[in-house]
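# Structural characterization, general
Each chain is listed here by its residues.
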Amino acid sequence: MSNDIIIYTKDYCPFCHRAKALLDSKGVTYTEYDIGAKPELREEMIEKANGGYTVPQIFIKGQHIGGCDDIMALEAQGKLASLLN
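Reading guide: rules and limits
- Residues numbered from 1 in each chain as written.
- Predicted model: local features only at pLDDT ≥ 70, side-chain atom pairs only at ≥ 80, totals over all residues.
- Heavy atoms only, no water.
- Helix = DSSP H or I, 4+ residues; strand = E, 2+ residues; numbered from the N terminus.
- Buried < 20%, exposed > 50% of the residue type's maximum accessible area, 1.4 Å probe, protein only.
- Arc of directions from axis to C-beta.
- Core = buried A, V, L, I, M, F, W, Y, C linked by side-chain atoms within 4.5 Å.
- Contact = heavy atoms within 4.5 Å.

## Regarding unusual backbone geometry
Backbone torsion omega between Val55 and Pro56 reads 0 degrees, so that peptide bond is classified as cis. You can see Pro56 is positioned in the loop between α2 (42-48) and β3 (57-60). Phi angles above zero are rare outside glycine, and Asn50 is one such case at about 55 degrees. By the secondary structure assignment, Asn50 is in the loop between α2 and β3. You can call Asn50 exposed: its relative accessible area is 70%. A positive phi angle, close to 50 degrees, is found at Lys61, a residue other than glycine. Of note, Lys61 is situated in the loop between β3 and β4 (63-66).

Shown next as structure tokens:
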């Protein structure tokens, strides 16, 4: 279910593309909110991310994961798959 994974992005953000590529490689669907195209979502993202204002901001099953480095670290530690299942 795509509502289980939410990612806030900007179109020109290489870290966003990298995080989405990782999720795509896992075969999961996600809901993407482009705060570049919809700046009104920026405040919502910052509030949900406890002050995180950079993109991407990633949430899995309501849990704030963080950004690109954070999701890559979870993958490297072998912990991402269990979060996605």
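That was the structure; now back to the text.
## Details of helix α3 (residues 68-76)
Within α3, the full set of buried residues consists of Cys68, Ile71, Met72 and Leu74. Considered in projection along α3, the buried side chains sweep an arc of 155 degrees and stay on one side of the axis. In α3, the exposed positions angled more than 90 degrees off the buried face are occupied by Asp69 and Ala76. With its phi angle positive at about 75 degrees, Gly78 sits one or two positions after the end of α3.

## Overview of the nonpolar core
Nonpolar side chains in soluble globular proteins tend to end up buried together. By size, the foremost hydrophobic cluster in this structure holds 15 residues, and its most contacted members are Ile58, Ile60, Ile71 and Leu80. For this core, the elements supplying multiple residues, two or more each, are β1 (5-9), α1 (14-25), β3, α3 and α4 (80-84). In terms of residue count, α3 provides more of this core than any other element does, 4 residues in total. If sequence neighbours within four positions are ignored, Ile71 has contacts with Ala19, Leu22, Leu23, Ile58, Ile65 and Leu80. The next biggest cluster of nonpolar side chains, apart from the first, holds 11 residues, and it includes Tyr8, Ile46, Ala49 and Val55.

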